[in-house]
Amino acid sequence: MEPLTFKEAQRQVDAWISRFQEGYFPPLLMLARLAEELGEVARVLAHRHGKKPKPGEVEGDLAEELADLLFVLISLANREGIDLEEAFRKVMAKYEARDRDRWSPKHPPGP
């Protein structure tokens, strides 16, 4: 299976949403959905790594919850006309430049 690019993921999400009359949710509703999905990620992590999971609560599937979050994020990017590949390249360049010396490298550079 070939790696999925952001462009392809954005096309797949758009193809799915375009099948329905209602189309993309308005931006503030998408923000609420992002918060909801992030809460589900938090619940799984709290269950997995927290001190006291609720008795009888099923841990949940972290991969599925992250994918749900990604779906909503991609939907928001599509709605707002954002190319996530381009945006991701820019943010990685920002982190490379800004945080190059911020953390301890695993393998120090050679002489």
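Quick notes on the rules
- Residues numbered from 1 in each chain as written.
- Predicted model: local features only at pLDDT ≥ 70, side-chain atom pairs only at ≥ 80, totals over all residues.
- Heavy atoms only, no water.
- Helix = DSSP H or I, 4+ residues; strand = E, 2+ residues; numbered from the N terminus.
- Expected span 1.5 Å × (residues − 1).
- Buried < 20%, exposed > 50% of the residue type's maximum accessible area, 1.4 Å probe, protein only.
- Polar contact = N/O pair within 3.5 Å; in protein donor to acceptor, adjacent residues only side chain to side chain.
- Core = buried A, V, L, I, M, F, W, Y, C linked by side-chain atoms within 4.5 Å.
- Contact = heavy atoms within 4.5 Å.
- 1 Å grid on protein atoms, 1.4 Å probe; cavity = no way out; pocket = protein on both sides within 12 Å on 5 of 7 lines; lining within 4 Å.
- Points joined across faces, edges and corners; volume = space filled by probe spheres on them.

Under the annotation held in an unreviewed UniProt entry, the chain carries the name Nucleotide pyrophosphohydrolase and is attributed to Thermus composti.

**Examining helix H3 (residues 62–79)**
Its 18 residues place the ends of H3 26 Å apart at the C-alpha level, agreeing with the 26 Å of an ideal helix rising 1.5 Å per residue. Along H3, the residues classified as buried are Leu62, Glu65, Leu69, Val72, Ile74, Ser75, Leu76, Ala77 and Asn78. Looking at where H3 begins, the residue whose side-chain oxygen comes 3.1 Å from the main-chain nitrogen of Ala63 is Asp61. At the C-terminal side of H3, Gly81 shows a positive phi close to 70 degrees.

**A few points about the nonpolar core**
With eight residues, the main nonpolar core is built from Met30, Leu34, Val41, Val44, Leu62, Leu69, Val72 and Leu76. Elements supplying a minimum of two residues to this core: helix H2 (27–49) and H3. In contact with Val72, not counting residues within four places along its chain, are Met30, Arg33, Leu34 and Glu37. The next biggest cluster of nonpolar side chains, apart from the first, holds six residues, and it includes Ala9, Val13, Ile17 and Ala77.

**Looking at the layout of surface pockets**
There is about 200 Å³ of room inside the largest pocket. Trp16, Ile17, Phe20, Glu22, Gly23, Tyr24, Phe25, Met30, Arg33, Phe71, Val72 and Ser75 are the residues that line the largest pocket. Of all the secondary structure elements, the ones that give two or more residues to the lining of the largest pocket are helix H1 (6–17), H2 and H3. Element by element, the count of residues in the lining of the largest pocket is highest for H3, at three residues.

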